[in-house]
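A structural walkthrough
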Amino acid sequence: MSYEYLYRRSITNREDFWSEQAKNLAWYKFPTTILSQDENNHYRWFKGGMMNTSYLCLDAHIENGRGDQLALIYDSPSVGTVRKYTYTELRDRVARFAGGLQTLGIGKGDRVVIYMPMIPEAVVAMLACARLGAIHSVVFGGFAPHELAMRIDDSNPKAIISASYGIEFDRVIPYKEMIDQAIVEAKFKPDFRIFFQRKENYDQLNGVNEFDFSKLELSEPVPPVPVEATDPLYILYTSGTTGTPKGIVRDNGGHAVALKFSMENIYNVKPGEVFWAASDVGWVVGHSYIVYGPLMHGCTTVMYEGKPIRTPDAGAFWRVISDHKVSIMFTAPTAIRAIRKEDPEGKLFEKYDTTSLQHFFLAGERCDPATYSWLHQLIDRPVIDHWWQTESGWPMLGIMMGVEKLPVKIGSAGLPVCGFDIHILDEAGHEVERGAEGFVAVKLPLPPGCLPNLWNNEVRFFKGYLEHFPGFYQTGDGGYQDEEGYFYIMGRVDDVINVSGHRLSTGEMEELVASHPAVAECAVVGIADELRGQRPVALFVLKDGRPDDEFAVEDQLVHLIREKIGAVAFFKNAILVKRLPKTRSGKILRKTIRNIADGNPFAIPSTIDDPLIIEEIRSSFKQRGVGVAFD
Ligand code: COA
Ligand code: AMP
């Protein structure tokens, strides 16, 4: 079948298209309505359908004879362990742990926060929640307690599930201490804290309502609880333009149908094959393609607790592909840049037998052509850049390798995936000409699997995504489409940045920097970084009459962001300036600051209030060696 035919059908005949796809799943009750609108006029998929996501990911495969097939391979160079679970073994762990959660009174609709490293117990916890119809909210383990506290206050979870510690190269991340701190800060206090002890009795579980994960797992197994297709499966918080993260809601039915469809049609992987997304369960890539997608499709998923480099070397990825016969691999371009830096000639790749590898997918940030070409030449297999975001839950652009292996264009994120009617609009919402840059927007309705709403925040959902271009979902990205229909994503049009494939808000950082008592005003921008894609840098002005030592304040600000957001923000520079560059109407010229650091040619804006400030900023960056222009 041709891509063009399938794609057209998915847009012109949506309901039949997705109804057919829905038939690939084992529903308890098939949906009565394929597409409808709720009381807020938001689109909903598969109303009336009854199902259970954990059943589809586990029990259904066992019933179909896959019980002895590997479901999950845990490979951890961080602790020197490889453990493998068949579908039956994983189902049994999930059913028992769900039984344990049930004894605590956790059931349908209750929220559970999961704050864990990349260990199989994180998957067990997610699927156990899904089994009970409880709504999980996984928080990336690299976020600081303050970030965790904000998510606790928004989602009001009945329980938090964690593990004794995470490992970052040779550094131990003490989760229990971090959870204790988050709970002190949060206004909402969860009833239960559950810890997986990575070493026997590592944590002293003395607190009231503190439980040992493994002891709960000794409970009687429970069957999957039927839920509505429109019931939430999870909330995943992501950065927006303000300090408060947005709770992206994912429903059960649309999610299951979309992910199953994507495994076959985008990733071109067959049940029984090994699929590896080298990401983290704390991000959407981890939710969709470490956990739910591969398991929904009957694949073996790889859970890797390590890094692309130094665990033990830059051959780590090739070793995992070889050891576990990975067919399809997916990671962020940052990881490839890190490998290339350590092993530019790809000598370590040659050490391993990677013949199992068929395709390599990249996403999470813009892939620079040099990285793309290096990887493509090295592995000599199709490398596909594809574009999506937490909100969409699955790819919106790419090459649908299971439908038609159309050519890849370097620098492009590909063609629209079935169901996504993508347009480039100008500020007024008019379609721009081919080749012209604009706002990337998706015509409503979004296909199954995308966010139906934000958790407890209908107003922010409408204002953030739907208001600006009526009838469209605004993605927050800018880009253009070429004559042949391929799209190019050029970056965010808001203040979200992407640091090592990690999505962060400069707005949030700005609020924190501004909260320092010595700071009069500030701007935080994302500047180019050769390894990480982008990294944040702050410019700040001291309050009049403050006697503070400028270097002390700079250090305090760096420390503040690390403490409040986490090391993952990679916030290393706060730079004191006399004034911020502004227009005469007082708007901070953030783009100009970025251009200076990135070494881009630019004209000094005619609206600037004081052109001399440009030179001052340039020399501050130069003095500190900040920005690729001054490295
Ligand atoms: N828990 C705690 N801390 C974490 C963390 C986690 N899960 N992940 C990252 N951090 C910390 C790091 O230890 C580092 O701390 P440091 O400043 O004290 O050294 C800091 O956050 C910055 O991390 P990172 O940007 O990841 O830099 P790095 O030098 O440790 O590693 C790469 C660089 C390229 C190897 C790494 O970023 C990587 O593997 N990237 C792939 C990204 C990815 O998979 N993204 C998912 C989206 S698809
Ligand atoms: P996240 O929600 O964390 O997955 O981040 C989503 C954002 O990452 C998108 O809005 C884009 O800005 C960026 N992004 C993801 N994939 C790509 C890609 N393939 N090319 C360019 N940008 C990407």
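Residues numbered from 1 in each chain as written. Chains lettered and ligands numbered in written order. Predicted model: local features only at pLDDT ≥ 70, side-chain atom pairs only at ≥ 80, totals over all residues. Heavy atoms only, no water.

Re the site of ligand 2
Rule in force here: Residues are counted as near a molecule or strand when any one of their heavy atoms sits within 4 Å of it. Two N or O atoms form a polar contact when they lie within 3.5 Å of each other; inside protein one atom must be a possible hydrogen donor and the other a possible acceptor, and for residues adjacent in sequence the pair counts only when both atoms belong to side chains. Using a 1.4 Å probe, the Shrake-Rupley method yields the accessible areas, and only the shown protein chains count as cover for residues. Only Asp, Glu, Lys and Arg are considered charged in this grouping, and only Ala, Val, Leu, Ile, Met, Phe, Trp, Tyr, Cys and Pro are considered nonpolar; every other residue, Gly among them, is considered polar.
Taken together, 15 residues lie around ligand 2, and His386, Thr390, Asp477, Arg492 and Arg503 are the ones closest in. Between ligand 2 and Arg503 there is a distance of 2.7 Å, counted from an oxygen atom to a side-chain nitrogen or oxygen. About the coverage of ligand 2: the protein hides 93% of its 500 Å² of free accessible area. Here the shell around ligand 2 is built from residues that sort into 4 nonpolar, 5 polar and 6 charged.

A closer look at the pairing of strand β6 (residues 111–115)
Counted only if it meets this: Each residue is placed in one exposure class: buried if its accessible area under a 1.4 Å probe, protein chains only, is under 20% of its type's maximum, exposed if it is over 50%, and partly exposed if it falls in between. Each helix corresponds to a stretch of at least 4 residues labelled H or I by DSSP, and each strand to a stretch of at least 2 residues labelled E; elements are numbered beginning at the N terminus. Whether two strands pair depends on DSSP finding at least two bridges between them. Think of it like this: strands point away, you trace from the first strand over the helix to the second, and a clockwise trace means the crossover is right-handed.
With 5 of 5 residues buried, β6 lies mostly within the body of the structure. Neither face of β6 is left uncovered, since the one carrying Arg111, Val113 and Tyr115 and the one carrying Val112 and Ile114 both have all their residues buried. In this sheet, strand β7 (residues 135–138) lies alongside β6 in parallel orientation, the contact comprising 4 bridges. What sits directly across from Val112, in β7, is His136. Between β6 and its parallel partner β7, the chain crosses via helix α5 (residues 120–132), and the hand of that crossover is right-handed. In terms of strand pairing, β6 meets strand β8 (residues 159–163) through 4 bridges, oriented parallel. Directly across from Val113, in β8, lies its bridge partner Ile160.

Remarks on the packing of aromatic side chains
Basically, it comes down to this: Note on aromatic contacts: the rings of Phe and Tyr and the six-membered ring of Trp form a pair at centre separations within 6.5 Å, being stacked when their planes are under 30 degrees apart, edge-to-face when over 60 apart, and tilted otherwise. Sitting over a ring, as applied to charges here, requires NZ of Lys or CZ of Arg to be within 6 Å of the ring centre and within 35 degrees of the ring normal.
A complete count under the given rule lists 38 aromatic pairs for this structure. Ring geometry for Trp27 against Phe30: centres 5.9 Å apart, planes inclined by 75°, an arrangement best described as edge-to-face. Looking at Trp27, the relative accessible area reads 14%, which means it is buried. Among the aromatic residues, those joined into a ring-pair cluster are Phe17, Trp18, Trp27, Phe30, Trp45, Phe46, Phe261, Trp394 and Phe420. Against the face of Phe143 rests Arg151, its NZ or CZ located 4.6 Å from the ring centre. When the ring centre of Phe195 is taken as reference, the NZ or CZ atom of Lys176 above it lies at 5.5 Å.

Quick notes on the environment of Leu512
So the rule is basically this: Residues are treated as being in contact if the distance between any of their heavy atoms lies within 4.5 Å.
Mapping Leu512 onto the fold places it in helix α16 (residues 506–514). Using a relative accessible area of 11% as the deciding quantity, one classes Leu512 as buried. Residues Leu512 and Cys522 lie 10 residues apart in sequence; the distance between their C-alpha atoms is 10.0 Å. Setting aside residues no more than four positions away along its own chain, Leu512 makes contact with Leu560, Ile561, Lys564 and Ile565.

A look at helix α11 (residues 316–324)
Most of α11 sits out of view: 8 of its 9 residues are buried. When we look at burial in α11, the residues that qualify are Ala316, Phe317, Trp318, Arg319, Val320, Ile321, Ser322 and His324. Looking one or two places after α11, you find Lys325, whose phi comes out positive at around 55°.

Concerning the site of ligand 1
The following threshold applies: What marks off one domain from the next here is an automatic or database domain assignment.
Taken together, 24 residues sit near ligand 1, with Glu168, Arg171, Ser500, Arg532 and Arg562 positioned nearest. Taking Gly141, its main chain carries an N or O atom lying 3.5 Å from a nitrogen atom of ligand 1. Here Val568 contributes a backbone N or O atom positioned 3.2 Å from an oxygen atom of ligand 1. Coverage of ligand 1 by the protein chains reaches 86% of its 940 Å² of free accessible surface. Within the residue set of the shell around ligand 1, elements represented by two or more residues are β10 (171–174) and α12 (333–342). Looking at the shell around ligand 1 residue by residue, the class counts come to 11 nonpolar, 7 polar and 6 charged. When residues of the shell around ligand 1 are sorted by domain, at least three fall in each of domain 1 (3–306 + 386–474) and domain 2 (496–624).

What about the state of the cysteines?
Spelled out, the test is: Two cysteine sulfur atoms form a disulfide, by the criterion used here, when they sit within 2.5 Å.
If you walk through the whole model with that rule in mind, you get 0 disulfides. Just so you know, Cys299 is unpaired, no disulfide at all, and the nearest cysteine sulfur is the one on Cys57, 11 Å from it. With no disulfide partner, Cys450 has as its closest neighbouring cysteine sulfur the one in Cys418, 13 Å distant.

Quick notes on the domain arrangement of the chain
Counted only if it meets this: Two parts placed together each lose some accessible area under a 1.4 Å probe, and adding up what both lose gives the buried area. Salt bridges are defined as contacts in which a side-chain nitrogen from Lys or Arg sits within 4 Å of a carboxyl oxygen from Asp or Glu.
One can read the domain layout of the chain as domain 1 (3–306 + 386–474) and domain 2 (496–624). With centres defined by C-alpha atoms, the gap from domain 1 to domain 2 works out at 34 Å. Contacts between the two partners involve 19 residues from domain 1 and, on the opposite side, 15 residues from domain 2. Each partner contributes to the roughly 1300 Å² buried at the junction of domain 1 and domain 2, and carbon and sulfur atoms together form 47% of this total. In this assembly, domain 1 and domain 2 are joined by 1 salt bridge. Measuring nitrogen to oxygen at the nearest pair gives 2.9 Å for the salt bridge that ties Arg503 to Glu391. Counting every contact that joins domain 1 to domain 2 gives 5 residue pairs in polar contact (both at pLDDT 80 or more). Ranked by the residues each element gives to the side of domain 1 that touches domain 2, the list is headed by helix α6 (residues 145–155), at 3 residues.

Some details on the pairing of strand β28 (residues 502–505)
On β28, burial covers both faces: His502 and Leu504 on one face and Arg503 and Ser505 on the other are all buried. Between strand β27 (residues 496–499) and β28, which pair antiparallel and follow one another directly, the connecting turn spans 2 residues, one of which, Ser500, has a positive phi of 55°.

Let's talk about unusual backbone geometry
Backbone geometry follows two general trends: most residues other than glycine have a negative phi, and most peptide bonds adopt the trans configuration. The amide bond that connects Thr311 to the next residue, Pro312, takes the cis arrangement and shows omega of 5°. The omega angle of the peptide bond from Leu444 to Pro445 is 0°, so this bond is cis rather than trans. On the secondary structure map, Pro445 appears in the loop between β24 (438–443) and α15 (458–466). A positive phi is found at Phe169, a non-glycine position, where the angle reads about 50°. Secondary-structure assignment places Phe169 in the loop between β9 (165–168) and β10. The phi dihedral of Asp380 is positive, around 55°, even though this residue is not glycine. Residue position: Asp380 is located in the loop between α14 (369–379) and β20 (383–385).

Focus on the pattern of salt bridges
For the coordinates displayed, the defined rule picks out 36 salt bridges. As a salt-bridge pair, Glu121 and Arg83 come within 3.7 Å of each other at their nearest N and O atoms. Of the two residues, Glu121 sits in helix α5 while Arg83 sits in strand β5 (residues 81–86), which places them 38 residues apart along the sequence. Connected via shared salt-bridge partners are Asp59, Arg91, Asp92 and Arg131.

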